[in-house]
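The lines below spell out each chain.
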Amino acid sequence: MYASLTTAVLLVLGSLAGSLALPLERLPPSNLQPRDVDVPTLSSFIPIDEPLLQLIRTRARDVSLKSWELGTLAEAYLEIDWPQMSVFGATGVPPARNVGGTDNPNNISTVLELANYAIAIRPVGSVTLFEDGSVGDPASLGVAMLMANWTKASRPDEAHNDYDTPVRQQLGYVLNTAPKTPDGAISHRSEQVQLWSDFIYMTPPFIAYYGALYQPYVHQWLVYTSYDQIRLYRNYLFDSNVGLWKHIALGSFTDDGHWSTGNGWAAAGMLRVLATMNQTTLGYQPQFLAAQRDLQNWATEIVNNIWAYQQPDGSLLNYATDPTTFSDSASTALLASVTFRLAALPSYLRGPPANATADPTLPPHPTIDMATLPTLTPLKPESLQAAHLARDCIKRRLNTTDGWLAQVVDPYSFSKQQADGKSPEAESFVLMMEAAWRGWKDYILQEAKNERSAERIHLQILQ
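Residues numbered from 1 in each chain as written. Predicted model: local features only at pLDDT ≥ 70, side-chain atom pairs only at ≥ 80, totals over all residues. Heavy atoms only, no water.

What am I meant to see in helix α5 (residues 142–151) here?
Because an α-helix packs 3.6 residues into every turn, residues spaced three or four apart end up facing the same way. Counting buried positions along α5 yields 10 of 10 residues, so the element is predominantly enclosed. Of all the positions in α5, only Gly142, Val143, Ala144, Met145, Leu146, Met147, Ala148, Asn149, Trp150 and Thr151 are classed as buried. Looking at the buried positions of α5, the neighbouring elements they touch are α3 (67–81), α4 (109–121), α6 (164–177), α8 (204–212) and α10 (260–278). (Buried < 20%, exposed > 50% of the residue type's maximum accessible area, 1.4 Å probe, protein only. Helix = DSSP H or I, 4+ residues; strand = E, 2+ residues; numbered from the N terminus. Contact = heavy atoms within 4.5 Å.)

In structure tokens, the structure reads:
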């Protein structure tokens, strides 16, 4: 294995002397935006061993009990074990419908297990997927539930399960019942209007996926609502002085600090909505092209700005800009995953599937004036380098005997360090980081291969 890795590194090092293109959409070449990339080293290509990843999967499942923990774990399972079925994968939106059979590469059994667990414990009469005091957190299970419903015809033993009613009720509660600000931002809490950066990962990806799943009949308003909620939240939480998000606004208490995990939640949620929107038949409509660019820029600004506060060991502080707070592995892993996704963005933003047919309810593909779209903010090469350092830090802090990630924030008291070092979401973040790293690695190897092929063709022409 290591011999092949060394060969791969040499291939990349020999081929990435130039820059890579960063297209936002599958559009004419005039939209390509060049940028420099960090040249990886050999350590950048060493994966986390599979036995250790399996330990991390097990630990995450053992302790994930809250709604957002289960929803985050479902997404982590999807990205690490069934990447082609995620919004970042080759199948994308919509995913394959046949997941039956243990040897089926689209099996998604671990994701379905969580969806079935949520149904089994859901109280009769509940209008959300999980009973807790949050509006946003139960919706984090929505994508898993939608996938379970989408694929259930291929699973005869579970064909009787009713996923559709709970997921419709969850959507209806979020959109129509949950408290809102006067300008329409949906509250993260149910007992009062209060906005948390966490919401961006929990709810907008669910709304977007619900609207996009049944292509070509895309629910345009739902897909746009997922973006608009992020826009509204950013208006309340973005701190232009440092280019990062505050944690909590409005309600009975606020948190103006730049909680690193909260910034990670926000940026990761933006990318899931971006990838979902891009792969729909709406993707070429001008308002959706502009929305995609906003999402990319808003995620990039978080990543570019937060790594400026990276510590010498590669970690981030629990509150990135507060030097009195502790080093936190959880947010470090989450933001590394976002950075790797941004660095490989062209491989995820492919536009609608090649065999997609146009939604007859939408107008024809319009002529797009590129000058009217927001200007793209490039990912800094230093940000990708920081993600590699962060990943190395995470690998050092993983206990190879039991799979726990050390030095993590308490997920139930965000200003404190977890006393026993056992955080459900931190374990999921490691899985997401490794999945994103794999996507980045595959992307740059393919780019290197393409460059070498182009060089060979050029030489043949010259001869």
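Looking at this model, I keep getting lost on the nonpolar core. Mind explaining?
A general tendency of soluble globular proteins is for nonpolar side chains to be buried together. Formed by 131 residues in total, the largest nonpolar core has its most connected members in Ile108, Met270, Leu295 and Trp440. Here this core takes 13 residues from helix α15 (residues 424–462), the largest share from any one element. For Met270, the residues in contact, after removing those within four places along its chain, are Ile200, Ile230, Trp245, Leu295, Trp298, Ala299 and Ile302. (Core = buried A, V, L, I, M, F, W, Y, C linked by side-chain atoms within 4.5 Å.)

Can you help me understand the pattern of salt bridges in this one?
Tallied over the full model, the rule gives 15 salt bridges. Asp164 is the salt-bridge partner of Arg168, the closest N and O atoms lying 2.9 Å from each other. On the criterion of helical spacing, the pair formed by Arg168 and Asp164 is a turn pair, its members being 4 residues apart in helix α6. Arg168 sits in the exposed class, given a relative accessible area of 51%. (Salt bridge = Lys/Arg side-chain N within 4 Å of Asp/Glu carboxyl O.)

Explain helix α2 (residues 50–63) here, please?
Here α2 contains 14 residues, and its C-alpha end-to-end distance of 20 Å stays within 8% of the 20 Å for a straight helix at 1.5 Å per residue. Buried within α2 are the following residues: Leu52, Leu53, Ile56, Arg57 and Ala60. Seen along its axis, α2 keeps its buried residues to an arc of 150°; they face one direction. (Expected span 1.5 Å × (residues − 1). Arc of directions from axis to C-beta.)

Before we go on, may I ask you to explain unusual backbone geometry in this structure?
What is expected of a backbone is that most residues other than glycine have negative phi and most peptide bonds are trans. Geometrically, the link from Val93 to Pro94 is a cis peptide bond, its omega value of 0° lying close to zero. Note on placement: Pro94 falls in the loop between α3 and α4. Look at Leu250: it is not a glycine, yet its phi comes out positive at around 70°. Here Leu250 lies in the loop between β6 (248–249) and α10. Look at Gln407: it is not a glycine, yet its phi comes out positive at around 60°. Turning to its location among the elements, Gln407 is positioned in the loop between α14 (381–397) and α15. When its relative accessible area of 37% is taken as the criterion, Gln407 is described as partly exposed.

Would you mind showing me how to read the packing of aromatic side chains here?
Geometrically, a pair of aromatic rings is defined through the distance of the ring centres and the angle of the planes. Applying the stated criterion to the full structure yields 14 aromatic pairs. Seen from their ring centres, Phe206 and Tyr210 are 6.1 Å apart, and the 90° between their planes marks the pair as edge-to-face. One end of the pair, Phe206, and the other, Tyr210, are both in helix α8, 4 residues apart, so they sit about a helical turn from each other. With a relative accessible area of 17%, Tyr210 lands in the buried category. Ring plane angle 75° and centroid distance 5.1 Å describe the contact between Trp265 and Phe429, whose orientation is recorded as edge-to-face. Taken as a pair, Trp265 in helix α10 and Phe429 in helix α15 lie far apart in primary sequence, 164 residues in all. Classification of Trp265 as buried rests on a relative accessible area of 1%. (Phe/Tyr/Trp six-rings, centres within 6.5 Å; stacked < 30°, edge-to-face > 60°.)

Explain the side chain of Gln192 to me, please; I cannot follow it from the model alone.
Tracing the backbone through its elements, the reader meets Gln192 in the loop between α6 and β3 (195–196). According to the relative accessible area criterion, Gln192 is buried, its value standing at 18%. Only 2.7 Å separates the side chain of Gln192 from the backbone nitrogen of Ser252, close enough to count as a polar contact. If we ignore the near neighbours within four places in the chain, the residues touching Gln192 are Pro179, Ser187, Gly251 and Ser252. (Polar contact = N/O pair within 3.5 Å; in protein donor to acceptor, adjacent residues only side chain to side chain.)

Can you help me understand the confidence of the model for the chain in this one?
Note that predicted coordinates carrying low pLDDT should not be read in detail. The pLDDT averaged across the chain works out to 87; a share of 85% of its residues lies at or above 70. Across residues 1–8, where pLDDT falls below 50, the model places 7 contacts with residues more than four positions away in sequence or in other chains. In this model, residues 10–39 is a region of pLDDT below 50 whose contacts with residues beyond four sequence positions or in other chains number 77 contacts. (pLDDT = per-residue confidence, 0-100.)

Please clarify how the environment of Trp150 should be interpreted in this entry.
With respect to the secondary-structure elements, Trp150 resides in helix α5. Judged by relative accessible area, which is 7%, Trp150 ranks as buried. Along the backbone, Trp150 and Arg97 are 53 residues apart, and their C-alpha atoms lie at a distance of 6.3 Å. Among residues more than four places away in sequence, those in contact with Trp150 are Pro94, Pro95, Ala96, Arg97, Leu213 and Tyr214.

Looking at this model, I keep getting lost on the environment of Tyr284. Mind explaining?
On the secondary structure map, Tyr284 appears in the loop between α10 and α11 (286–306). Through-space distance from the C-alpha of Tyr284 to that of Gly351 is 8.1 Å; in sequence the pair is 67 residues apart.

So what exactly am I meant to see when it comes to the environment of Ser423 here?
Considering the arrangement of structural elements, one finds Ser423 in the loop between α14 and α15. Separated by 363 residues in sequence, Ser423 and Ala60 have C-alpha atoms that sit 7.9 Å apart. Apart from residues lying up to four places away in sequence, Ser423 is in contact with Trp404, Val408, Val409, Pro411 and Gln418. At 3.1 Å, the side chain of Ser423 and the backbone nitrogen of Ala426 are in polar contact.

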